[in-house]
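# Analysis of the macromolecular model
The lines below spell out each chain.
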Amino acid sequence: MTSRHFALVEFACKCGRPDCDALKEPVQNLVDRLDSLRDRYGEPIVITSGLRCAVWNAHEKGEADSGHLDGTEVDIACPNSLARYQLLGAIFADGLFHRLGVGNMFLHLGVSTRLPSPRVWTYYPGTKRSNSP
C-alpha cells in the first residue's frame, strides 16, 4: 500500500486478537481516493474503522458482506456538521466514493465493486440502513 497521507497501521483491524485473520492492507483504489479526499479537504482525516476480521465486524454490527472485510471500505471521523458539509462536498465534487454512509460522528466511504452502488444511507437512530436497490 502506498499513500501520501495514511499509514498502514491506521487501517488495521481493532479486534486486538493475536489470531486476527483480517486482511493486512486495504485495496489501493480506496487508499488513492482517500488521499485525493485529504488533498481536497485540506485537513487531516482520521480513519475510525478500516479493515475488519469477521469477529470484529460482528462486534461492530457490520453487514455480513461488509466492505471492511475485503478492504474496500472505511469509516472516517466526522466530528461536526461543518466537517460533514466539507467532506461531502469534496466527495460529490470529485465523485470519489460510490458507497457512502452518513452517521452522527462518522462517514462510511466505499469503492466496492461487488456491493450495490451507487448508494447513500444513514446510520441515524430510527432509520433503516439498507444497501439494497
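What you see is a predicted model, and the numbers here were worked out from it, not measured in a lab. Within each chain, residues carry numbers counting from 1 in the order of the written sequence. At least 70 in pLDDT is required for a residue's local features to be given in this predicted model, at least 80 for side-chain atom pairs to be given and counted, and no such filter applies to totals for whole chains, interfaces and linings, which use all residues. To obtain the side-chain values, all non-hydrogen atoms of the structure were used and water was disregarded.

### A few points about the environment of Gly71
Test applied: Helix and strand assignments come from DSSP, with helices taken as H or I runs of at least 4 residues and strands as E runs of at least 2, each series counted from the N terminus. When a residue's accessible area, from a 1.4 Å probe over protein chains only, is under 20% of the maximum for its type it is buried; when over 50% it is exposed; and in between it is partly exposed. Should any heavy atoms of two residues lie within 4.5 Å, those residues are considered in contact.
Here Gly71 is to be found in the loop between helix H2 (54-59) and strand S2 (73-77). For Gly71, a relative accessible area of 1% translates into the label buried. Separated by 48 residues in sequence, Gly71 and Leu23 have C-alpha atoms that sit 7.0 Å apart. For Gly71, the contacting residues outside a window of four places in its chain are Leu23, Pro26, Val27, Leu30 and Leu51.

### Quick word on the pattern of salt bridges
Any two side chains of opposite charge can pair, given that their charged atoms come close. For clarity, the threshold we go by: Salt bridges are defined as contacts in which a side-chain nitrogen from Lys or Arg sits within 4 Å of a carboxyl oxygen from Asp or Glu.
Here the structure, examined in full by the defined rule, presents six salt bridges. Ionic pairing is found between Arg17 and Asp19, a salt bridge with its closest N-O pair at 3.2 Å. For Arg17, a relative accessible area of 26% translates into the label partly exposed. Residue classification places Asp19 among the exposed residues on the basis of a relative accessible area of 55%.

### As for the sheet that holds S2
To keep things clear, this is the line we draw: Between any two strands, at least two bridges found by DSSP are needed for them to pair. Axis geometry follows a simple rule: fit a line to the C-alpha atoms, using only the stretch in contact for helices, then measure angles between N-to-C directions, giving values from 0 to 180 degrees.
Read from one edge of the open sheet, five strands run S1-S2-S4-S3-S5, paired in mixed fashion. Here the strands that pair on one side only, and so sit at the sheet edges, are strand S1 (47-49) and strand S5 (119-122). Sheet twist, expressed as the mean angle between neighbouring strand axes with direction ignored, is 25°. Sheet topology note: the S2/strand S4 (residues 106-110) ladder contains five bridges and is antiparallel. Across the sheet, Ala77 pairs through a bridge with Phe106, a residue of S4.

### So, the pairing of S4
By the criterion of burial, S4 is predominantly enclosed, with four of the five residues buried. In this sheet, S4 lies alongside strand S3 (residues 99-102) in antiparallel orientation, the contact comprising four bridges. Of the residues in S4, the one forming a bridge with Gly101 is His108. As consecutive antiparallel partners, S3 and S4 are separated by three residues.

### Here we look at the pairing of S2
Consecutive side chains of a regular strand alternate in pointing toward one face of the sheet and then the other. Burial analysis of S2 places four of its five residues in the buried class, which makes it a mostly covered element. Here S1 pairs with S2 via two bridges, running antiparallel. Residue pairing across strands places Ile47 opposite Ile76, the latter belonging to S2.

### Concerning the packing of helix H1 (residues 28-41) against helix H3 (residues 81-94)
What counts, and what does not: Angles below 35 degrees are treated as roughly parallel, those above 145 as roughly antiparallel, those between 65 and 115 as roughly perpendicular, and all remaining angles as oblique. The sense of a crossing depends on the near helix, which, turned anticlockwise from the far helix by less than a right angle, makes the crossing left-handed and, turned clockwise, makes it right-handed. Residues are grouped as follows: Ala, Val, Leu, Ile, Met, Phe, Trp, Tyr, Cys and Pro are nonpolar; Asp, Glu, Lys and Arg are charged; every other residue, Gly included, is polar.
One can describe the packing of H1 onto H3 by two numbers: an axis separation of 10 Å at closest approach and a directional angle of 120°. By the angle between their axes, H1 is oblique relative to H3. Between H1 and H3 lies a crossing whose hand is right-handed. Here Leu37, Arg40 and Tyr41 of H1 come into contact with H3, specifically with Ala83, Gln86, Leu87, Ala90, Ile91, Ala93 and Asp94. Across the contact of H1 with H3, the residue classes tally to seven nonpolar, one polar and two charged.

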